[in-house]
Amino acid sequence: MMPVNLPQVVAEVEQAFADYEHALLIHDVPALDRWFWYAPQAVRYGVAEILLGGEAIRQYRQTCAPVHPSRRLQHTVVTTFGCDYATVSTEFTADDSDEIGRQMQAWVRTDAGWRIVAAHVSRMP
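Residues numbered from 1 in each chain as written. Predicted model: local features only at pLDDT ≥ 70, side-chain atom pairs only at ≥ 80, totals over all residues. Heavy atoms only, no water.

Draft legend 1. Representation of the overall build of the chain within the structure. Along its length, the chain carries 3 helices and 6 strands. Reading the chain from its N terminus to its C terminus gives the helix and strand order α-α-β-β-α-β-β-β-β. In terms of overall dimensions, the chain is globule-like: its C-alpha atoms have a radius of gyration of 14 Å, near the 14 Å expected for 125 residues. Considering only C-alpha atoms, the chain reaches an extent of 45 × 30 × 20 Å along its principal axes. The buried share of the chain, taken over its 125 residues, is 42%. Considering only residue pairs separated by 6 or more positions, the chain has 48% of its internal contacts joining residues 24 or more positions apart. By element, 59% of the accessible surface of the chain is carried by carbon and sulfur atoms, the whole surface being about 7,000 Å². Here the chain contributes 10 positive and 15 negative side-chain charges, whose respective centroids are spaced 2 Å apart. (Helix = DSSP H or I, 4+ residues; strand = E, 2+ residues; numbered from the N terminus. Rg over C-alpha atoms; globule rule 2.2 N^0.38 Å. Buried < 20%, exposed > 50% of the residue type's maximum accessible area, 1.4 Å probe, protein only. Contact = heavy atoms within 4.5 Å. Areas by Shrake-Rupley, 256 points an atom, 1.4 Å probe, with all protein chains shown as cover. Lys, Arg positive; Asp, Glu negative; His and termini not counted. Charge placed at Lys NZ, Arg CZ, Asp CG, Glu CD.)

Printed below as a string of C-alpha coordinates:
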(Lines give C-alpha, C1' and ligand atoms only; values in the text may rest on other atoms or scores of the structure.)
Protein backbone atom coordinates (compact mmCIF):
# COMPACT_ATOMS: atom_id res chain seq x y z
CA MET A 1 0.00 0.00 0.00
CA MET A 2 1.25 3.46 -0.88
CA PRO A 3 1.89 5.66 2.18
CA VAL A 4 -0.47 8.61 2.57
CA ASN A 5 0.61 11.97 4.01
CA LEU A 6 4.25 11.35 4.79
CA PRO A 7 5.08 14.46 6.88
CA GLN A 8 8.08 15.58 4.78
CA VAL A 9 6.13 15.24 1.53
CA VAL A 10 3.15 17.12 2.97
CA ALA A 11 5.50 19.92 4.05
CA GLU A 12 7.02 20.12 0.56
CA VAL A 13 3.62 20.35 -1.13
CA GLU A 14 2.32 22.85 1.42
CA GLN A 15 5.34 25.06 0.67
CA ALA A 16 4.92 24.69 -3.10
CA PHE A 17 1.22 25.55 -2.79
CA ALA A 18 2.00 28.58 -0.59
CA ASP A 19 4.56 29.79 -3.14
CA TYR A 20 2.04 29.31 -5.95
CA GLU A 21 -0.62 31.20 -3.97
CA HIS A 22 1.83 34.05 -3.30
CA ALA A 23 2.59 34.28 -7.03
CA LEU A 24 -1.15 34.32 -7.72
CA LEU A 25 -1.77 37.16 -5.24
CA ILE A 26 0.99 39.36 -6.66
CA HIS A 27 0.19 38.35 -10.26
CA ASP A 28 3.71 37.07 -10.92
CA VAL A 29 2.98 35.59 -14.34
CA PRO A 30 6.43 34.02 -14.94
CA ALA A 31 6.24 32.27 -11.54
CA LEU A 32 2.68 31.08 -12.22
CA ASP A 33 3.86 29.67 -15.55
CA ARG A 34 6.68 27.79 -13.83
CA TRP A 35 4.31 26.13 -11.34
CA PHE A 36 2.31 24.44 -14.12
CA TRP A 37 3.64 21.38 -15.89
CA TYR A 38 4.47 22.53 -19.40
CA ALA A 39 3.16 19.56 -21.37
CA PRO A 40 0.27 18.88 -23.76
CA GLN A 41 -1.42 16.78 -21.05
CA ALA A 42 -1.64 19.66 -18.53
CA VAL A 43 -5.23 20.77 -17.90
CA ARG A 44 -6.68 23.85 -16.24
CA TYR A 45 -10.46 24.21 -16.03
CA GLY A 46 -11.15 27.76 -14.90
CA VAL A 47 -14.33 29.55 -13.96
CA ALA A 48 -14.89 30.56 -17.58
CA GLU A 49 -12.21 28.78 -19.59
CA ILE A 50 -10.99 25.35 -20.61
CA LEU A 51 -7.23 25.25 -21.05
CA LEU A 52 -5.64 22.14 -22.51
CA GLY A 53 -1.85 22.00 -22.55
CA GLY A 54 0.93 24.04 -21.03
CA GLU A 55 0.99 26.51 -23.91
CA ALA A 56 -2.74 27.28 -23.58
CA ILE A 57 -2.26 27.84 -19.84
CA ARG A 58 0.67 30.21 -20.50
CA GLN A 59 -1.27 32.17 -23.12
CA TYR A 60 -4.18 32.57 -20.70
CA ARG A 61 -1.85 33.92 -17.99
CA GLN A 62 -0.65 36.67 -20.35
CA THR A 63 -4.12 38.24 -20.52
CA CYS A 64 -6.02 37.16 -17.40
CA ALA A 65 -6.93 39.64 -14.71
CA PRO A 66 -5.18 39.36 -11.34
CA VAL A 67 -7.09 37.77 -8.49
CA HIS A 68 -8.59 40.24 -6.04
CA PRO A 69 -5.99 41.20 -3.40
CA SER A 70 -8.42 40.32 -0.61
CA ARG A 71 -8.47 36.65 -1.64
CA ARG A 72 -8.50 34.43 1.45
CA LEU A 73 -8.20 30.65 1.61
CA GLN A 74 -10.09 28.35 3.94
CA HIS A 75 -10.44 24.60 4.42
CA THR A 76 -7.26 23.79 2.51
CA VAL A 77 -6.57 20.05 2.39
CA VAL A 78 -3.27 18.60 1.21
CA THR A 79 -3.17 14.86 0.61
CA THR A 80 -0.03 13.14 -0.59
CA PHE A 81 0.31 9.64 -2.00
CA GLY A 82 3.78 8.19 -1.77
CA CYS A 83 6.55 10.71 -2.40
CA ASP A 84 5.62 12.03 -5.82
CA TYR A 85 1.86 12.75 -6.09
CA ALA A 86 -0.48 15.06 -4.19
CA THR A 87 -3.79 16.82 -4.34
CA VAL A 88 -4.55 20.24 -2.91
CA SER A 89 -8.15 21.33 -2.41
CA THR A 90 -9.19 24.69 -1.01
CA GLU A 91 -12.00 27.20 -0.83
CA PHE A 92 -11.49 30.91 -1.33
CA THR A 93 -13.37 34.14 -0.85
CA ALA A 94 -12.66 37.75 -1.79
CA ASP A 95 -14.25 41.11 -1.08
CA ASP A 96 -15.27 41.56 -4.73
CA SER A 97 -17.74 38.64 -4.70
CA ASP A 98 -20.30 36.97 -2.45
CA GLU A 99 -19.53 33.62 -4.06
CA ILE A 100 -17.36 30.88 -2.59
CA GLY A 101 -14.58 29.75 -4.86
CA ARG A 102 -13.32 26.19 -5.02
CA GLN A 103 -9.95 25.12 -6.30
CA MET A 104 -8.48 21.66 -6.76
CA GLN A 105 -5.03 20.82 -8.04
CA ALA A 106 -3.13 17.63 -8.80
CA TRP A 107 0.60 18.01 -8.10
CA VAL A 108 3.40 15.72 -9.29
CA ARG A 109 7.08 15.74 -8.42
CA THR A 110 9.03 16.21 -11.66
CA ASP A 111 12.75 16.58 -12.35
CA ALA A 112 12.15 20.34 -12.00
CA GLY A 113 10.32 19.96 -8.66
CA TRP A 114 6.63 19.95 -7.76
CA ARG A 115 4.33 21.00 -10.62
CA ILE A 116 0.58 21.33 -11.07
CA VAL A 117 -0.54 18.86 -13.73
CA ALA A 118 -4.28 19.47 -13.48
CA ALA A 119 -6.38 22.21 -11.87
CA HIS A 120 -10.05 23.08 -11.57
CA VAL A 121 -11.45 26.40 -10.34
CA SER A 122 -15.15 27.07 -9.85
CA ARG A 123 -17.48 29.36 -7.94
CA MET A 124 -20.80 28.78 -6.23
CA PRO A 125 -23.35 31.19 -4.74
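Still more ground to cover, so stick around.
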